[in-house]
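One-letter residues, chain by chain:
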Amino acid sequence: RRDVAGAAAAACLTGPGATTSAASASPPDGDWTGMLLRARLPQCLTPLLRHDELAVRSKACTLVGTLCRLSSAFYEPVRAAGLPPLVAACGTHEVSSLRR
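Numbers given to residues run from 1 along each chain, matching the order in which its sequence is written. Totals for whole chains, interfaces and linings use every residue, but because this is a predicted model, local features are given only for residues with pLDDT of at least 70 and side-chain atom pairs only at 80 or more, for both listing and counting. By convention in this description, side-chain values take in all heavy atoms of the structure and omit both hydrogens and water.

(A) Summary view of the state of the cysteines. Here, the term disulfide refers to a pair of cysteine sulfur atoms separated by no more than 2.5 Å. In the structure shown here, the tally under the stated rule is one disulfide. Disulfide pairing is shown between Cys61 and Cys90; the S-S distance is 1.9 Å. On the sign convention where negative is left-handed, the bridge of Cys61 and Cys90, at about 50 degrees about the S-S bond, is right-handed. Note that Cys61 is positioned in helix H5 (residues 54-70) and Cys90 in helix H7 (residues 83-91), a separation of 29 residues in sequence. A run of H or I in DSSP counts as a helix once it spans at least four residues, and a run of E counts as a strand once it spans at least two, with each numbered from the N terminus.

What follows is the structure in C-alpha cells.
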C-alpha cells in the first residue's frame, strides 16, 4: 500500500496537467503558492492522508495545516479536494502524535 500511495502522489505532481516537476527549483516568479496550486498539491495529498502508515498520514496532515496557515489561497483548493474530513480524522485518532 505504501508504494501505491507514494506512486499516486508522485504521478499527481508530475502527471498530465501538472505545470511543474516536483524536482523543480524555485519558481521563476517566486510565486511558491501559485506553483504548488498549479501542481495540484491539494489533490495529491489525498492518497497520503488515507495511507496505512500513521507517520505518512501525520506528515500529510501537518502539511495541509501549514499550507493553510501560510496562505488563505489554499483554503478553497483544500476544500475542493475533499481534504477537510481526512484532516479532521487525524484530530480524532487514538494515537496522540497524529492529533497534534
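That covers the picture; the talk isn't over yet.
(B) Representation of the packing of H5 against H7 within the structure. Taken N-terminus to C-terminus, the directions of H5 and H7 make an angle of 120 degrees; their axes are 10 Å apart at the nearest point. As far as their axial angle goes, H7 and H5 are oblique. Read as a crossing pair, H5 and H7 show a hand that is left-handed. Packed against H5, whose contacting residues are Arg57, Cys61 and Val64, the element H7 presents Leu83, Leu86, Val87 and Cys90 at the interface. Note on residue categories: nonpolar means Ala, Val, Leu, Ile, Met, Phe, Trp, Tyr, Cys or Pro, charged means Asp, Glu, Lys or Arg, and polar means any other residue, Gly included. Taken together, the residues that form the contact of H5 with H7 break down as six nonpolar, no polar and one charged. Note on method: axes are straight lines fitted to C-alpha atoms, helices fitted across the in-contact stretch only, with angles between N-to-C directions ranging 0 to 180 degrees. Each angle receives one of four descriptions, namely roughly parallel if under 35 degrees, roughly antiparallel if over 145, roughly perpendicular if within 65 to 115, and oblique otherwise. The sense of a crossing depends on the near helix, which, turned anticlockwise from the far helix by less than a right angle, makes the crossing left-handed and, turned clockwise, makes it right-handed. The contact criterion used throughout is that any non-hydrogen atoms of two residues lie within 4.5 Å.

(C) Geometry of the pattern of salt bridges. Any Lys or Arg side-chain nitrogen located within 4 Å of an Asp or Glu carboxyl oxygen qualifies as a salt bridge. Enumeration over the complete set of coordinates arrives at two salt bridges. Residue Asp31 pairs with Arg38 through a salt bridge whose shortest N-O separation is 3.9 Å. Residue Asp31 is classed as partly exposed on the basis of its relative accessible area, which comes to 30%. Where Glu76 meets Arg79, a salt bridge forms, and the shortest distance between an N and an O atom there is 2.5 Å. Here the residue Glu76 and the residue Arg79 both occupy positions in helix H6 (residues 75-80), the gap between them amounting to three residues, near one helical turn. To sort residues, take the accessible area from a 1.4 Å probe on protein chains only and compare it with the maximum for the residue type: under 20% means buried, over 50% means exposed, and anything in between is partly exposed.

(D) Representation of H7 within the structure. Looking only at H7, the buried set comprises Leu83, Leu86 and Cys90. Down the axis, H7 shows its buried residues gathered within 70 degrees of arc, on one side only. In this description, one arc is meant: the one made by directions from the helix axis to the C-beta atoms.

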